[in-house]
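The primary structure of each chain is shown beneath.
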Amino acid sequence: MPVPLLQASGLSCERDDRLLFVDLELAVAPGDLLQIEGPNGSGKTTLLRMLAGLHTGFEGEIRWCGEPLARQREHFLRNLLYIGHRPGIKPLLTPLENLRAQLSGKPGVGDEQLESALDAVALFPFIHVPCHHLSAGQQRRVALAALYLSDEPLWILDEAFTAIDKDGVASLERLLHKRMSAGGAVILTTHHPLHVDGARSLSLARFAPAAEDLF
Amino acid sequence: MLKLPRLTPRQESQPVLPALLGVLRRDLLANFRRRQELFNPLIFFVMVVALFPLGVSPEVEFLRQSGAGILWVAALLSTLLSLDHLFRHDFDEGVLEQMLLQPQPLYLMVLVKVFSHWLVTGLPLVLMTPVLGVMLHLDGNSIGYLCLTLLVGTPVLSFIGAIGAALTLGLRSAGILLSLLIIPLYIPVLIFGTGTVTAVAAGLPVGSYIALLGALLVVAITCAPFATAAALRISVSNS
């Protein structure tokens, strides 16, 4: 078993006086795809934000490559690609400008690569159209285009398939499969049934607090 | 089938400068696309200054005496007016989350963001000042020093204001709380800014005033982004 990239143990989180989950354990190793399951409001987004280091109000420990996350923060961020609930797209800018700004810190990514990534998510005809003219699914695709240029080993994708059509979902599933065989790890939430070989799932209901903990 | 290279955690650090230029370019572009929003504080600035001669007194002596103060107070209030936009759009769109997850130091990212905010809100005020100064019968020497103090002082206002804007990001309407938090911190800048022009008019040496304003700017640039970055982390974590 390879060393897990990201490992969480004993995670408990409370939001707005409500215990979301207690003693949650998870680990993803290179080549893993972990789907977090649970009904609306069960804390999926919160869990992903905790794992990405955005949400800090929790108990428990998160380790990156075997070391506590807080000590490895920069190294962790260098190797993480997170797409959140809100896609991180500026509506006034075009898809190309958005992607360029988002990936400007990455060496070796030129306009040619950006355009081919936008082509991969079927946005090539729209690269110069301001994003607020695009549909919700298309805006989502702008954010997802970053996946095609990513060499980060860990992806955390919140509601990755929301508003994406059937073809889009199929090509994303192919991409996820390719990532897994290349040794990338993926944690995602989605309400779509996922057709990727070797995907594991983790249900938050298993870690729901027992009734007596609620009071 | 194409064999992909094994993905391994990247060890080397990433270049900082291109990322910062990317942030600057995106912010300036987004601001350019909604320029009508940027005209708001500028028009407010011009209106407030234009209303003083009408509302208080059009006498040359009064305007010459209080002109610098009027311009400084108007600049301060119009900066305050534009502060809420500094991080609000980015926060709502999720762009801020992405910024916090960049491996480049957040301190520098914030520095660039505040600088670009100053470029589109503070700098136009400075450029507008000579015209308004003439309107308030200030003499050439005073106008020159007034522009200098505003040039040094308005970035301080932006940097200090950024802390308040970041702290109040999670609130639905930050307006009044933001003002209450920030205005007390603006007072030293205001005092030294107007003090310089008063000293010029009285023929006193102004080196110390300008030096103190410069010192405030240095402190604001070095310390405020740290506080802003910490406040942003808190606001995003609680959202």
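First, a word on what this report is: a plain description of the structure on this page. (Residues numbered from 1 in each chain as written. Chains lettered and ligands numbered in written order. Predicted model: local features only at pLDDT ≥ 70, side-chain atom pairs only at ≥ 80, totals over all residues. Heavy atoms only, no water.)

This part covers the interface of chain B and chain A. Counting from both sides, the interface comprises 40 residues of chain B and, opposite them, 44 residues of chain A. With both chains or domains summed, chain B and chain A bury close to 3,700 Å², and 52% of this area falls on carbon and sulfur atoms. Applying the counting rule to chain B against chain A returns 5 salt bridges. Applying the counting criterion to the chain B and chain A interface returns 10 residue pairs in polar contact (both at pLDDT 80 or more). Every element with two or more residues in the side of chain B that touches chain A is listed here: α1 (17-33), α4 (85-93), α5 (95-100) and α9 (207-238) of chain B. Looking at the side of chain B that touches chain A, the element that brings in the most residues is α1 of chain B, giving 8 residues. Of the residues that constitute the side of chain B that touches chain A, the class distribution is 15 nonpolar, 13 polar and 12 charged. (Contact = heavy atoms within 4.5 Å. Buried area = accessible area lost by both parts, 1.4 Å probe. Salt bridge = Lys/Arg side-chain N within 4 Å of Asp/Glu carboxyl O. Polar contact = N/O pair within 3.5 Å; in protein donor to acceptor, adjacent residues only side chain to side chain. Helix = DSSP H or I, 4+ residues; strand = E, 2+ residues; numbered from the N terminus. Nonpolar A, V, L, I, M, F, W, Y, C, P; charged D, E, K, R; others polar.)

This part takes up the pattern of salt bridges. With the rule as written, the count across this model stands at 17 salt bridges over all chains. Note that D32 of chain A and R200 of chain A form a salt bridge whose closest N and O atoms lie 3.0 Å from each other. Of this pair, D32 of chain A sits in the loop between β2 (18-28) and β3 (33-37) while R200 of chain A sits in strand β9 (residues 199-203), and the two are 168 residues apart along the sequence. The exposure class assigned to R200 of chain A is partly exposed, which follows from its relative accessible area of 36%. One salt bridge connects R78 of chain A with E74 of chain A, and the closest N-O pair in it is separated by 3.2 Å. On the criterion of helical spacing, the pair formed by R78 of chain A and E74 of chain A is a turn pair, its members being 4 residues apart in helix α2 (residues 73-78). For R78 of chain A, a relative accessible area of 7% puts it in the buried group. On the basis of relative accessible area, E74 of chain A is assigned to the partly exposed category, the value being 37%. Here the salt bridges share partners, and the residues they tie into one network are K90 of chain A together with D27, D90, E93 and K113 of chain B. (Buried < 20%, exposed > 50% of the residue type's maximum accessible area, 1.4 Å probe, protein only.)

This next bit is on the packing of aromatic side chains. Counted by the stated rule, this structure contains 3 aromatic pairs over all chains. Between W64 of chain A and F76 of chain A, the aromatic rings sit 5.1 Å apart at their centres with planes inclined by 70 degrees, giving edge-to-face as the arrangement. Of this pair, W64 of chain A sits in strand β4 (residues 58-64) while F76 of chain A sits in helix α2, and the two are 12 residues apart along the sequence. F76 of chain A shares its class with W64 of chain A; the two are buried. Aromatic side chains Y107 of chain B and F226 of chain B sit 4.5 Å apart centroid to centroid with 35 degrees between the ring planes, which places their arrangement in the tilted category. In this pair, Y107 of chain B sits in helix α6 (residues 106-135) while F226 of chain B sits in helix α9, placing the two residues 119 residues apart along the sequence. Cation over ring: R86 of chain A sits above F91 of chain B, and NZ or CZ is 5.4 Å from the ring centre. In this arrangement the basic side chain of R35 of chain B is found over the ring face of F32 of chain B, its NZ or CZ atom lying 4.4 Å from the centre. (Phe/Tyr/Trp six-rings, centres within 6.5 Å; stacked < 30°, edge-to-face > 60°. Lys NZ or Arg CZ within 6 Å of the ring centre and 35° of its normal.)

What follows deals with the packing of helix α3 (residues 60-83) of chain B against α6 of chain B. Residue and element names in this part refer to chain B. Where α3 meets α6, the axes come as close as 11 Å, and the angle between the chain directions of the two elements is 155 degrees. Here α3 is positioned roughly antiparallel relative to α6, judged by the angle of their axes. Here the hand of the crossing between α3 and α6 comes out right-handed. For the pair formed by α3 and α6, the contact residues are L71, A75, S78, T79, S82 and L83 on the first element and H117, T121, L125, T129, L132 and G133 on the second. Looking at the contact of α3 with α6, its residues break down into 5 nonpolar, 7 polar and no charged. (Axes fitted to C-alpha atoms, helices over the stretch in contact; angles between N-to-C directions. Parallel < 35°, antiparallel > 145°, perpendicular 65-115°, else oblique. Left-handed = near helix turned anticlockwise from the far one by under 90°.)

Just distances and angles here, no functional claims.
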